[in-house]
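# Reading the structure
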Amino acid sequence: MPSERPLVRLRDIRDNIERIQDHIRGLDLSGFLASTITIDAVERCLSRISEAATKIGPVAEEILPEHDWRGIRGIGNRLRHEYDVITDPANWAIATQRLPELHEAISAFLERYPDDQEDF
């Protein structure tokens, strides 16, 4: 069931992207791969991003259609059920190549709404 509070979910996604950015700041791929704590933290944030995207439902495609919401929703299932297939370099690529654009788009969208507004 889609969320009745898409702005809250978008803020959750934005905040978890920022957490990932904080976790990986100053690291390159080899530094990331050397830190199991960072790998685990990034995976957890990706799971929360996926869950928030699932809770938003089809509203996400309506407001930010240029992003792969199906893939964003799906990463959570893959992390839970295919954890042995997903590689740490793949998560690094998501964190460094895909999430910055998503963060920028969500942040720009959210600028139109006060922080305490929960729906539109």
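Scroll up to find the structure.
Bear in mind that the values here come from a model prediction, so they are computed numbers and not experimental data.

### Side note on the nonpolar core
Across soluble globular proteins, nonpolar side chains have a tendency to be buried as a group. Leu 10, Ile 13, Ile 20, Trp 69, Leu 102 and Ile 106 are the most contacted members of the largest nonpolar core, which totals 32 residues. Elements with a contribution of two residues or more to this core: helix H1 (6-24), helix H3 (36-56), helix H4 (59-63), helix H5 (69-81) and helix H6 (88-110). Among residues more than four places away in sequence, those in contact with Leu 10 are Ile 56, Ile 63, Trp 69, Ile 106, Phe 109 and Leu 110.

### Regarding the packing of H3 against H5
Running from N to C, H3 and H5 point in directions that differ by 130°, and their axes come no closer than 8 Å. Relative to H5, H3 is oriented oblique. As H3 runs across H5, the sense of the crossing is left-handed. The segment H3 lies against H5, with Glu 43, Leu 46, Ser 47, Ile 49, Ser 50, Ala 53 and Thr 54 engaging Trp 69, Ile 72, Arg 73, Gly 74, Ile 75, Gly 76 and Leu 79. Looking at the contact of H3 with H5 residue by residue, the classes come out as seven nonpolar, five polar and two charged.

### Observations concerning the packing of H3 against H6
The contact between H3 and H6 brings their axes to 11 Å, and the two run at 60°. Compared by their axis directions, H3 and H6 come out oblique. In this structure, H3 meets H6 at a crossing whose hand is left-handed. The residues of H6 that touch H3, namely those facing Ile 39, Glu 43, Leu 46 and Ile 49, are Asp 88, Asn 91, Ile 94 and Leu 99. Of the residues belonging to the contact of H3 with H6, the class tally is five nonpolar, one polar and two charged.

### Some points on the environment of Gly 57
Mapped onto the elements of the fold, Gly 57 is located in the loop between H3 and H4. Remark: the alpha-carbon pair of Gly 57 and Ile 37, spanning 20 residues in sequence, is separated by 31 Å.

### What about the packing of aromatic side chains?
Aromatic ring pairs are reported here in terms of the distance separating the ring centres and the angle at which the planes meet. This model, assessed by the stated rule, comprises two aromatic pairs. Plain terms: the ring middles of Phe 32 and Trp 92 are 5.2 Å apart, the flat faces sit at 40° to each other, and that makes the pair tilted. Note that Phe 32 is positioned in helix H2 (residues 29-33) and Trp 92 in helix H6, a separation of 60 residues in sequence. Overall, the relative accessible area of 1% leaves Phe 32 in the buried class. The buried category is assigned to Trp 92, whose relative accessible area is 13%. Look at Phe 109 and Tyr 113: their rings are 5.3 Å apart centre to centre, the planes differ by 40°, and that puts the pair in the tilted class. Each member of the pair Phe 109 and Tyr 113 is classed as buried.

### Remarks on H6
The principal kink in H6, of about 45°, is found at Leu 99, preceding the proline Pro 100 by one to four residues. Buried within H6 are the following residues: Asn 91, Trp 92, Ala 95, Leu 99, Leu 102, His 103, Ala 105, Ile 106, Ser 107, Phe 109 and Leu 110. Each element contacted by the buried residues of H6 is listed here: H1, H2, H3, H4 and H5.

Analysis parameters
Throughout this document, residue positions are counted from 1 along each chain, in the order its sequence is written. Given that the model is predicted, a residue must reach a pLDDT of at least 70 before its local features are reported, and side-chain atom pairs must reach 80 or more before they are shown or counted; all residues, however, enter totals for whole chains, interfaces and linings. To get the side-chain values, take all heavy atoms of the structure and skip hydrogens and water. Side-chain atoms within 4.5 Å are what join buried Ala, Val, Leu, Ile, Met, Phe, Trp, Tyr and Cys residues into a set we call a nonpolar core. The rule is simple: take the accessible area with a 1.4 Å probe, protein chains only, and divide by the maximum for that residue type; under 20% is buried, over 50% is exposed, in between is partly exposed. What counts as a helix is a DSSP run of H or I of at least four residues, what counts as a strand is a run of E of at least two, and both are numbered from the N terminus. In what follows, residue pairs with any heavy atoms lying within 4.5 Å of each other are defined as contacts. Note on geometry: axes are lines fitted to C-alpha atoms, helical ones only across the stretch in contact, with angles between N-to-C directions running from 0 to 180 degrees. Roughly parallel means an angle under 35 degrees; roughly antiparallel means over 145; roughly perpendicular covers 65 to 115; every other angle is labelled oblique. We call a crossing left-handed when the near helix sits turned anticlockwise from the far one by less than a right angle, and right-handed when that turn is clockwise. Note that Gly is not counted as nonpolar here; it falls among the polar residues with everything else outside the nonpolar set of Ala, Val, Leu, Ile, Met, Phe, Trp, Tyr, Cys and Pro and the charged set of Asp, Glu, Lys and Arg. Ring pairs are drawn from Phe, Tyr and Trp, using the six-membered ring of Trp, whenever the two centres fall within 6.5 Å, and their geometry is named by plane angle: stacked under 30 degrees, edge-to-face over 60, tilted for the rest. We define the bend at any residue as the angle between the axes fitted to the seven residues before and including it, ending there, and the seven starting there.

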